[in-house]
Structures are given as C-alpha cells and as structure tokens.
Amino acid sequence: MDNDMIVDLIESCKTPFYYFDVEGFIENYHDLNHTFQSIYKNYQLSYSYKTNYTPYICEIVKQLGGYAEVVSDMEYLLAKKIGYENCHIVYNGPAKGELLEEHILNGGIVNVDNYDEMIRICKLAQKYPQIKIKLGLRINMDVGGDFISRFGFELGKTEISDAIRLADNNENVSIVGLHCHISRARGVGAWSARTKTMLEAVKLYFDKVPEYISLGSGMFGKMSEELCSQFGAEVPSYRDYAEAVLQPIAEYFSETEIKPMILTEPGTTLVSRYVYFVTKVLNIKTIRGRNMATTDGSFENLGEICGLKKLPLKIVRRSANPKDYQGVDIMGYTCLEQDVMYKDLKCKLASGDYLVFENVGGYSIVSKPQFIKPNCAMYATGFEGVPIQIMREETFEDVFSKFVFQQKL
Ligand SMILES: *Cc1c(COP(=O)(O)O)cnc(C)c1O
C-alpha cells in the first residue's frame with residue numbers, strides 16, 4: 001500500500017474517501033493475465049463491471065487489453081462510452097436490457113441465460129436475416145449443498161435442447177460458445193469441477209470446436225496474511241487455478257488445430273485488494289461495558305466482505321492521548337444498530353484518529369446506497385506521485401434532483 005500517499009490525502013482531503021492503488025492493480029492484472037496466457041495462449045480476461053464500475057478502473061482494463069463483462073444496459077453503455085467495440089463486450093445476466101438487440105446486431109458477445117431469451121433473440125434474427133448472430137449458452141452449475149443456482153441451462157434437460165433447436169431453426173443463428181459462473185465456490189477443486197462440466201457440455205452439444213468457453217469468475221485474489229488466515233484453508237495462487245483449469249482444456253482440444261478462446265471474468269480477484277477506505281473516528285463511548293467508536297464512514301462503504309470477515313485495518317494516529325482498548329467496535333454513521341465496520345478491535349484509539357480499511361474494491365462503491373449521506377470521493381495515484389480525484393463526492397443535488405418537489409424551490 002502507498003502509505004505516504006494516504007497520509008498526504010488525510011492531511012489535505014475531507015474524509016471519508018476511497019483510495020485506488022493504480023500500480024498494484026496493474027501489477028495484479030499482469031500477473032493473472034500472464035500466468036493464464038503462459039499455460040494457454042488463447043486466454044482472454046474479461047472484467048466484471050458490476051464488481052466495481054469506476055470508469056477510471058474500467059479504462060485501465062481496456063488499455064491492458066481486457067474485455068468488458070456487463071449484465072445491464074447501464075453497464076453496457078459505460079463500456080461503449082469507454083470506447084469498446086461490441087465484439088469485446090460480453091453481455092451476460094438473467095435480465096438483459098433493451099440494448100441487447102443493438103449489441104447483438106453489432107457483433108457483440110452474448111451468453112443466453114434462458115429459453116425465453118432465446119425466443120427473443122430468434123425473433124431479432126428473423127427480422128435481420130442478413131445478419132449472422134453468434135451466441136453462447138450459460139450452463140447451470142450444481143454447486144452442491146442446499147443451494148440451487150438460478151443461472152443458465154441445466155445440462156441434459158429439455159430446456160437446453162429446445163433452445164438449441166430453436167437456434168438451429170434459424171439459418172443466421174449459431175451457438176458458438178459456453179459460459180458459466182459461480183461466485184460461492186472459490187477453491188481450486190470447484191474450478192476443476194466446473195471445467196469438467198463445461199467439457200461435458202462441449203461433448204453433449206457441439207459437433208465442432210466452440211469459439212469460446214467462459215469459465216466466469218470466483219477465484220481468490222491476492223490478499224494480506226491477515227485476511228488470508230480467516231479463510232481457513234490455504235488460498236490458491238493464480239498458477240494453481242490456471243493449471244487446474246487450462247491443462248484439462250488443452251488436453252481435451254489437443255487434437256484440434258483451432259483451440260477455443262478461454263475467458264474468465266474476474267471482478268473481486270482483480271480489484272478488491274487495490275481499493276482502500278479511509279474514515280475518521282468522531283467519538284468513542286462505553287455503554288454497559290461495550291466500547292464503541294463512531295466514524296464518518298459506514299459498513300455500506302466497505303461492501304459485503306465487511307460482514308463476512310474482519311478486514312485488514314490500519315490506524316493513522318492524529319490524536320494526542322489515545323486510550324488503550326482491549327476491544328472496541330468500530331461503528332458507522334448510519335444510525336443503524338448493525339452498522340458495525342469492525343468488531344472488537346484491540347488498539348489504542350481516540351477521536352481524531354483515522355482508520356484505513358483495506359481490500360474494499362469489490363461490491364462497495366457500486367452498492368453504496370444514498371442512505372442518510374451521499375457517497376464520498378475517490379482518489380488514485382496520479383503521475384509523479386501526485387494523487388488525483390477519480391470520483392467526486394456526491395452532492396445534495398445528486399440525491400434530490402431526481403425527485404419532484406411540490407413546491408417550486
Ligand atoms: C458477478 C459476476 C462476475 C464477477 O464475480 P466476482 O466474484 O466479483 O469475481 C463474473 N461473471 C459473472 C457472470 C458475474 O455475474
């Protein structure tokens with residue numbers, strides 16, 4: 001982490017704020033991308049916009065050669081605005097928007113989630129018989145346990161055969177790809193299992209080599225020792241994943257001259273570690289033995305992970321006489337009892353100190369509601385060590401300009 005830069009920002013900027021470590025992000029991108037490409041040449045990374053759609057980050061991904069993986073018209077429009085051609089945008093998801101047709105007619109990549117969507121696309125195909133439409137199918141994954149995934153087609157069932165038949169009935173529609181994604185199974189074993197299922201799908205439904213197979217996302221990214229230890233088992237390296245996934249694929253297609261493109265769609269893996277959240281301690285109190293520090297940030301700023309793990313946390317001391325706590329709960333501004341950012345922190349702390357939460361790049365900025373307070377600004381490492389603001393603080397206007405006021409103000 002660029003500690004000095006964060007300390008400089010604390011001196012000069014209003015809290016709370018996010019900080020994006022550009023260099024760390026780029027290094028991580030190269031590491032993941034090169035590891036996969038060194039084992040399988042035709043590998044392509046596709047960045048999941050919903051995980052963190054900060055345009056500055058999406059633009060870096062584009063410069064590095066990554067595709068855009070989108071699941072709504074809003075995200076699709078962002079990818080277009082950033083300058084992507086449709087052939088480098090992957091439109092996924094169970095509820096695609098109105099712009100799907102435009103995307104398809106411009107040669108975009110689409111993975112069909114369900115039979116009704118296939119009907120929709122075939123209607124489009126009939127309207128534009130001169131345009132060749134290529135599609136992928138999302139394959140449902142059985143992740144075991146008591147949980148049934150809602151996404152994609154179940155292998156071997158009538159719905160998938162019907163969808164393929166429907167596509168085949170249209171001369172200008174062809175199924176050229178396969179897709180899957182599970183977010184709740186990040187181990188190497190789960191990745192081997194999904195690869196097996198995808199190769200099974202190739203065997204069942206393809207009489208030639210597919211143009212692409214997208215394996216979705218859900219790898220562990222790099223993380224600090226502190227966070228790593230909370231996951232129990234050892235966190236695999238990119239090489240572990242790449243070998244488990246790409247070697248069976250390379251073997252399966254060893255006899256064919258043309259190999260399918262293999263995609264993965266990292267979001268969390270790419271970005272989580274490289275965003276920090278900086279917040280100030282406003283007051284500390286003790287009630288019936290529970291110590292609580294209230295900050296100007298919130299659990300909503302940290303994203304889902306904050307409720308699942310103890311995020312790595314550093315204190316930037318600005319108070320003169322911090323008190324020694326055996327355990328203090330770090331609380332947010334939201335007036336919710338459950339707004340706990342960190343439970344039971346053992347530390348020296350006083351109001352006026354700053355807390356730097358690490359590993360908050362995934363599902364944080366994108367899921368921050370305008371609840372009680374608008375969102376804060378974000379900074380990044382700029383050129384020659386000067387930080388730049390890559391997202392301004394939201395304003396009163398950002399929140400309220402969309403409402404109707406009965407009384408003209
Ligand atoms: C959410 C999502 C991703 C990214 O998942 P992460 O857990 O952020 O890596 C990739 N592909 C699809 C289809 C998704 O829905």
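Just so it is clear, the structure is predicted and the values come from calculations on it, not from any experiment.

Trainee: Before we go on, may I ask you to explain the overall build of the chain in this structure?
Mentor: A count of helices and strands for the chain gives 14 helices and 17 strands. Here the C-alpha radius of gyration of the chain, 24 Å, is about what a compact globule of 409 residues would show, namely 22 Å. Dimensions of the chain, computed from C-alpha atoms along their principal axes, come out at roughly 75 × 60 × 45 Å. Out of the 409 residues belonging to the chain, those deemed buried represent 51%. When contacts within the chain are restricted to residue pairs at least 6 apart in sequence, those whose partners lie at least 24 apart make up 68%. If you sum the accessible surface of the chain, you get close to 20100 Å²; carbon and sulfur atoms cover 50% of it. Taking the 44 positively charged and 53 negatively charged side chains of the chain as two groups, their mean positions are separated by 4 Å.

Trainee: Could you clarify how one ought to interpret the pattern of salt bridges in this entry?
Mentor: Close approach of charged atoms lets side chains of opposite charge pair. For the coordinates displayed, the defined rule picks out 14 salt bridges. Between Glu-243 and Arg-239 there is a salt bridge; the shortest N-O distance is 3.8 Å. Taken together, the residues span about one helical turn, with Glu-243 and Arg-239 both in helix H10 (residues 238–252) at a distance of four residues. One salt bridge in this structure joins Arg-290 and Asp-329, with 2.8 Å as the shortest N-O distance. One end of the pair, Arg-290, is in strand S11 (residues 290–295); the other, Asp-329, is in strand S13 (residues 323–331), and 39 residues separate them in sequence. The class of Arg-290 is partly exposed, set by a relative accessible area of 31%. A residue is classified by how much of its surface remains accessible, and Asp-329, at 6% relative accessible area, is buried. Connected via shared salt-bridge partners are Arg-290, Asp-329 and Lys-343.

Trainee: Help me out: how do you make sense of the site of the ligand in this one?
Mentor: Residues in contact with the ligand amount to 15 residues; listed here are only the nearest, Lys-50, Ser-217, Glu-265, Thr-268 and Tyr-363. In the environment of the ligand, an oxygen atom lies 2.6 Å from a nitrogen or oxygen atom belonging to the side chain of Lys-50. Here Thr-51 contributes a side-chain N or O atom positioned 2.8 Å from an oxygen atom of the ligand. Alone, the ligand offers 390 Å² of accessible surface; in the complex the protein occludes 95% of this. Classifying every residue of the shell around the ligand by side-chain character gives one nonpolar, nine polar and five charged.

Trainee: Looking at this structure, how should I read the environment of Cys-87?
Mentor: Counting through the fold element by element, Cys-87 comes out in the loop between helix H4 (73–82) and strand S4 (89–91). Placed 74 residues apart in sequence, Cys-87 and Ser-161 show a C-alpha to C-alpha distance of 26 Å. Non-local contacts of Cys-87, meaning those with residues more than four positions away in its chain, are made with Tyr-67, Gly-107, Gly-108 and Ile-109.

Trainee: Help me understand the sheet that holds strand S7 (residues 173–179), please; the structure alone is not making it clear to me.
Mentor: The strands making up a sheet associate through backbone hydrogen bonding, with each pair oriented either parallel or antiparallel. What the eight strands build is a closed barrel, ordered S2-S3-S4-S5-S6-S7-S8-S9; its pairing is parallel. Taking each pair of neighbouring strands and ignoring which way they run, the sheet shows an average axis angle of 30°. Pairing analysis gives two bridges linking S4 to strand S5 (residues 109–112), with the strands arranged parallel. Bridge pairing in S5 links Val-90 to Ile-109. Helix-sheet contacts for helix H2 (residues 22–39) involve strand S2 (43–48) and strand S9 (261–264), and the interaxial angle to S2 is about 145°. Helix-sheet contacts for helix H6 (residues 115–127) involve S5, strand S6 (133–138) and S7, and the interaxial angle to S6 is about 175°.

Trainee: Quick question: what am I supposed to make of the state of the cysteines here?
Mentor: Inspection of every chain in the model, using the stated rule, returns zero disulfides. Looking at the unpaired Cys-87, the closest cysteine sulfur is the one in Cys-58, lying at 17 Å. Residue Cys-87 is classed as partly exposed on the basis of its relative accessible area of 33%. Lacking any disulfide linkage, Cys-335 is separated from the closest cysteine sulfur, that of Cys-306, by 17 Å. Look at Cys-335 and you get exposed, because its relative accessible area is 70%.

Trainee: How should the pairing of strand S1 (residues 17–20) be read in this particular structure?
Mentor: Two faces, one strand: in a regular strand the side chains alternate between the faces of the sheet. Burial along S1 is two-sided: Phe-17 and Tyr-19 and Tyr-18 and Phe-20, pointing in opposite directions, are all buried. Pairing of S1 with strand S10 (residues 275–287), which is carried by four bridges, proceeds in the antiparallel orientation. Bridging across to S10, Phe-17 finds its partner in Val-278.

Trainee: Hey, could you run me through the pairing of S11 in this one?
Mentor: With six bridges joining them, S10 and S11 adopt antiparallel strand pairing. Residue pairing across strands places Ile-284 opposite Ala-293, the latter belonging to S11. From the end of S10 to the start of S11, which pair antiparallel, there are two residues, and Arg-288 there has a positive phi angle of about 45°. Here three bridges tie S11 to S13, and the two strands are oriented parallel to one another. By the bridge assignment, Met-292 is partnered in S13 with Asp-329.

Trainee: Honestly, the packing of aromatic side chains in this entry has me stumped. Any pointers?
Mentor: How two aromatic rings sit relative to each other is given by the distance of their centres and the angle of their planes. Scanning the model with the defined rule gives 12 aromatic pairs in all. An angle of 75° between the planes, with centres 5.0 Å apart, marks the rings of Phe-220 and Phe-231 as edge-to-face. Linking Phe-220 in the loop between strand S8 (212–214) and helix H9 (225–228) with Phe-231 in the loop between H9 and H10, this pair joins segments that are 11 residues apart in sequence. Their ring planes at 35° and their centres at 4.8 Å tell us that Phe-396 and Phe-400 sit as a pair that is tilted. One end of the pair is Phe-396 and the other is Phe-400, both in helix H14 (residues 396–400) and four residues apart, which spans about a single turn. The ring centre of Trp-191 lies 3.9 Å from the NZ or CZ of Arg-194, which sits over that ring. Just above the ring of Tyr-333 sits the side chain of Lys-373; from NZ or CZ to the centre is 4.3 Å.

Trainee: How should the side chain of Thr-15 be read in this particular structure?
Mentor: Mapped onto the elements, Thr-15 comes out in the loop between helix H1 (3–12) and S1. Residue classification places Thr-15 among the buried residues on the basis of a relative accessible area of 13%. Within the local environment of Thr-15, its side chain forms a polar contact with the side chain of Asp-296, the two groups lying 2.6 Å apart. Not counting residues within four places of it along the chain, the set of residues in contact with Thr-15 comprises Val-278, Lys-280, Asp-296 and Tyr-354.

Cut-off values and rules
- Residues numbered from 1 in each chain as written.
- Predicted model: local features only at pLDDT ≥ 70, side-chain atom pairs only at ≥ 80, totals over all residues.
- Heavy atoms only, no water.
- Helix = DSSP H or I, 4+ residues; strand = E, 2+ residues; numbered from the N terminus.
- Rg over C-alpha atoms; globule rule 2.2 N^0.38 Å.
- Buried < 20%, exposed > 50% of the residue type's maximum accessible area, 1.4 Å probe, protein only.
- Contact = heavy atoms within 4.5 Å.
- Areas by Shrake-Rupley, 256 points an atom, 1.4 Å probe, with all protein chains shown as cover.
- Lys, Arg positive; Asp, Glu negative; His and termini not counted.
- Charge placed at Lys NZ, Arg CZ, Asp CG, Glu CD.
- Salt bridge = Lys/Arg side-chain N within 4 Å of Asp/Glu carboxyl O.
- Near = heavy atom within 4 Å.
- Polar contact = N/O pair within 3.5 Å; in protein donor to acceptor, adjacent residues only side chain to side chain.
- Nonpolar A, V, L, I, M, F, W, Y, C, P; charged D, E, K, R; others polar.
- Pairing = 2+ DSSP bridges.
- Axes fitted to C-alpha atoms, helices over the stretch in contact; angles between N-to-C directions.
- Disulfide = S-S within 2.5 Å.
- Phe/Tyr/Trp six-rings, centres within 6.5 Å; stacked < 30°, edge-to-face > 60°.
- Lys NZ or Arg CZ within 6 Å of the ring centre and 35° of its normal.

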